[in-house]
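# Topology and contacts: notes
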Number of protein chains: 2
Amino acid sequence: MKPNHSWQSIQAEIIRRISERIWVPGELVPKETDLAKEFAVSRGTINRAMRELANAGLIDRKRKAGTRVALNPVRKATLDIPVIRLDVENRGVSHKHMVLMQKIVPAPALITGKLGLATGTRMLHLRTLHFAGNQPFLYEKRWVNQTAVPDILDVDFSQISANEWLVQNAPLTTGDISFSATNASKDEAETLGAKIGEALFLIDRSTWIGTMAVTNARLAYAPGFQMHTSL
Amino acid sequence: MKPNHSWQSIQAEIIRRISERIWVPGELVPKETDLAKEFAVSRGTINRAMRELANAGLIDRKRKAGTRVALNPVRKATLDIPVIRLDVENRGVSHKHMVLMQKIVPAPALITGKLGLATGTRMLHLRTLHFAGNQPFLYEKRWVNQTAVPDILDVDFSQISANEWLVQNAPLTTGDISFSATNASKDEAETLGAKIGEALFLIDRSTWIGTMAVTNARLAYAPGFQMHTSL
DNA sequence: ATCAATATTATGTTTAGACATAATAAATTG
DNA sequence: CAATTTATTATGTCTAAACATAATATTGAT
């Protein structure tokens, strides 16, 4: 039998029924076998269409209990976290970076705490200023666990930024990110060409390979920066 | 034949091979039929395991050309955008809100511009202060297109916040979000109990149903707010 | 050699059937 | 009646086979 409906068209129809309240939030929707009959497709196709909507939080599915339209659909925004160089270049300007500091010292407790390392662990500390064209774009303070990526000690960071080296050489890390706002310190203001106290967008990211802590980066963006995405 | 490998265990193994560089970025990986043989599963199971990795940007797949490990894996962070009330309650404190202003006036050009409405369009303007426990949490300035959701004019916003009403009554909107940082204005500082100039985390969100603009919300979070997610 | 037509191929989708699993409902027991 | 066991059921996963589709590779014509 040739399919009159692709899983994508069925998914679109399901979304329509939810958005137009033909299927009411909190209520059961027809089961897969019934929908399969209605659309004249196999159950697998219905399952494919619904599975992604469940992942997206639009519907709640439970074995035996059936499928319900979510009461409070949690909207999910996906943020692409590209390499900083590509992030800059995608804005249509050239990227360059400058290493302001590079040393191996015992990391502060704040950092070892976040990464779950012993206090006083000696780590590679880097401060890098990234430029978008001639404008300071991002001030990066990074701590790297030498034990996790020993090769990093041989890297010439004037050639490749630590950010990019790590993405290429320690891919597929797990991690967590937090976004916040902070008033520019004197150091940050001078480095980014901002005024002291000016509001900066801040990303704090810690990454691990398995359970091995790799790096913590504190990214302070120049004033006016916006991170943008669509729903 | 009973499966020795679930699609998830296969996916984990693929991830391992990529992260441990057994499969090198840029290089072709074995084709589905070969992997199916190796893991003694059907091709469908391999496809299921790989498809999600392709969506996640970890691998690039092309018909006939095969599958390659992505050169610059773009990490994707997914942010849950829940109803503000649930966001607060998930932090373990009670939520309440207070409507500070409610009026129907011609919207400023900044707003109509973002939403693609005619300049001077009369819109419902709301200013709402959300509390986490007794602490101001979020100052919301919202513009609503009455034409898109006429029922909103009858809503008692002391009972339900505009945010929650819209999530429930105008679900499945598309939209875009931008995140930034701003220095607290006098109004914002007084409302949120912050100091003038203090750095505030800002979310600006515009939503549409199809091509019909629904609302623009400017959410200024109290100092210290962090938005958190994992990779 | 260059360009267009054709064949090949890896992934994409779908089906019908089967069994697994989790959650509920029903039946049974104390 | 409450607590436990058993049956039921909707979703979750998997298979083997088939056809569709988009790229690439090859062939053939100019």
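Since the model is a prediction, treat every value here as computed from it, not as a measurement.

### Regarding the overall build of chain A
Scanning chain A from N- to C-terminus turns up seven helices and ten strands. Here the C-alpha coordinates of chain A stretch approximately 65 × 35 × 35 Å along the principal axes. Relative to its 231 residues, chain A shows a buried fraction of 48%. A sequence separation of at least 24 residues applies to 56% of the contacts in chain A between residues at least 6 apart. Surface accessibility of chain A: about 11,400 Å² in total, with carbon and sulfur atoms responsible for 51%.

### A short note on the nonpolar core
Ranked by internal contacts, the top residues of the largest apolar core, which has 38 residues, are F179(A), F201(A), F179(B) and F201(B). Each residue touching F201(B), except ones within four places of it in the same chain, is listed here: F179(A), S180(A), A181(A), F201(A), F179(B), S180(B), L219(B), A220(B), Y221(B), F225(B) and M227(B).

### Focus on the layout of surface pockets
Sizing a probe to match a water molecule and rolling it over the atoms shows the empty space that remains. Each pocket or cavity is described by its volume, and for the largest pocket that value is around 1,500 Å³. Lining the largest pocket are 38 residues, and of these N55(A), T78(A), N55(B), A56(B) and T78(B) lie nearest its centre. Listed by contribution, the elements that provide at least two residues to the lining of the largest pocket are helix 1 (7–19), helix 3 (43–55) and strand 3 (75–81) of chain A together with helix 1 (7–19), helix 3 (43–55) and strand 3 (75–81) of chain B. Residue composition of the lining of the largest pocket, by class: 16 nonpolar, 14 polar and eight charged. Roughly 480 Å³ of internal volume is contained in the second largest pocket. Lining the second largest pocket are 28 residues, with L110(B), K114(B), L202(B), D204(B) and R218(B) positioned closest to its centre. Here the lining of the second largest pocket is built from residues that sort into eleven nonpolar, ten polar and seven charged.

### Remarks on the protein's contact with DNA strand C
Taken together, 24 residues are adjacent to DNA strand C, and S6(A), W7(A), T45(A), R43(B) and R61(B) come closest. Put simply, 70% of the atoms of DNA strand C that lie within 4 Å of the protein are in sugar or phosphate. Interatomic distance of 3.1 Å between a backbone N/O atom of W7(A) and a phosphate oxygen of DNA strand C. Interatomic distance of 2.6 Å between a side-chain N/O atom of R43(B) and a base oxygen of DNA strand C. For the surface near DNA strand C, the secondary-structure elements that each account for two or more residues are helix 1 and helix 3 of chain A together with helix 3, strand 1 (59–62) and strand 2 (66–69) of chain B. Per-element accounting of the surface near DNA strand C gives the leading share, three residues, to helix 3 of chain A. Residue composition of the surface near DNA strand C, grouped by class: four nonpolar, eight polar and twelve charged.

### A short note on the protein's contact with DNA strand D
With respect to spatial proximity, 25 residues lie near DNA strand D, and among them R43(A), R61(A), S6(B), W7(B) and T45(B) are the closest. The sugar-phosphate backbone supplies 70% of the atoms of DNA strand D found within 4 Å of the protein. E32(A) places a polar main-chain atom, nitrogen or oxygen, 2.8 Å from a phosphate oxygen of DNA strand D. Within the contact set of DNA strand D, a phosphate oxygen lies 3.5 Å away from a side-chain nitrogen or oxygen of Q8(B). At the level of secondary structure, the elements contributing two or more residues to the surface near DNA strand D comprise helix 3, strand 1 (59–62) and strand 2 (66–69) of chain A together with helix 1 and helix 3 of chain B. In terms of residue count, helix 3 of chain B provides more of the surface near DNA strand D than any other element does, three residues in total.

### Notes on the domain arrangement of chain A
Domain boundaries assigned for chain A yield domain 1 (7–69) and domain 2 (84–221). In this structure, domain 1 of chain A and domain 2 of chain A have C-alpha centres spaced 43 Å apart.

Parameters at a glance
- Residues numbered from 1 in each chain as written.
- Chains lettered and ligands numbered in written order.
- Predicted model: local features only at pLDDT ≥ 70, side-chain atom pairs only at ≥ 80, totals over all residues.
- Heavy atoms only, no water.
- Helix = DSSP H or I, 4+ residues; strand = E, 2+ residues; numbered from the N terminus.
- Buried < 20%, exposed > 50% of the residue type's maximum accessible area, 1.4 Å probe, protein only.
- Contact = heavy atoms within 4.5 Å.
- Areas by Shrake-Rupley, 256 points an atom, 1.4 Å probe, with all protein chains shown as cover.
- Core = buried A, V, L, I, M, F, W, Y, C linked by side-chain atoms within 4.5 Å.
- 1 Å grid on protein atoms, 1.4 Å probe; cavity = no way out; pocket = protein on both sides within 12 Å on 5 of 7 lines; lining within 4 Å.
- Points joined across faces, edges and corners; volume = space filled by probe spheres on them.
- Nonpolar A, V, L, I, M, F, W, Y, C, P; charged D, E, K, R; others polar.
- Near = heavy atom within 4 Å.
- Polar contact = N/O pair within 3.5 Å; in protein donor to acceptor, adjacent residues only side chain to side chain.
- Domains from an automatic or database assignment.

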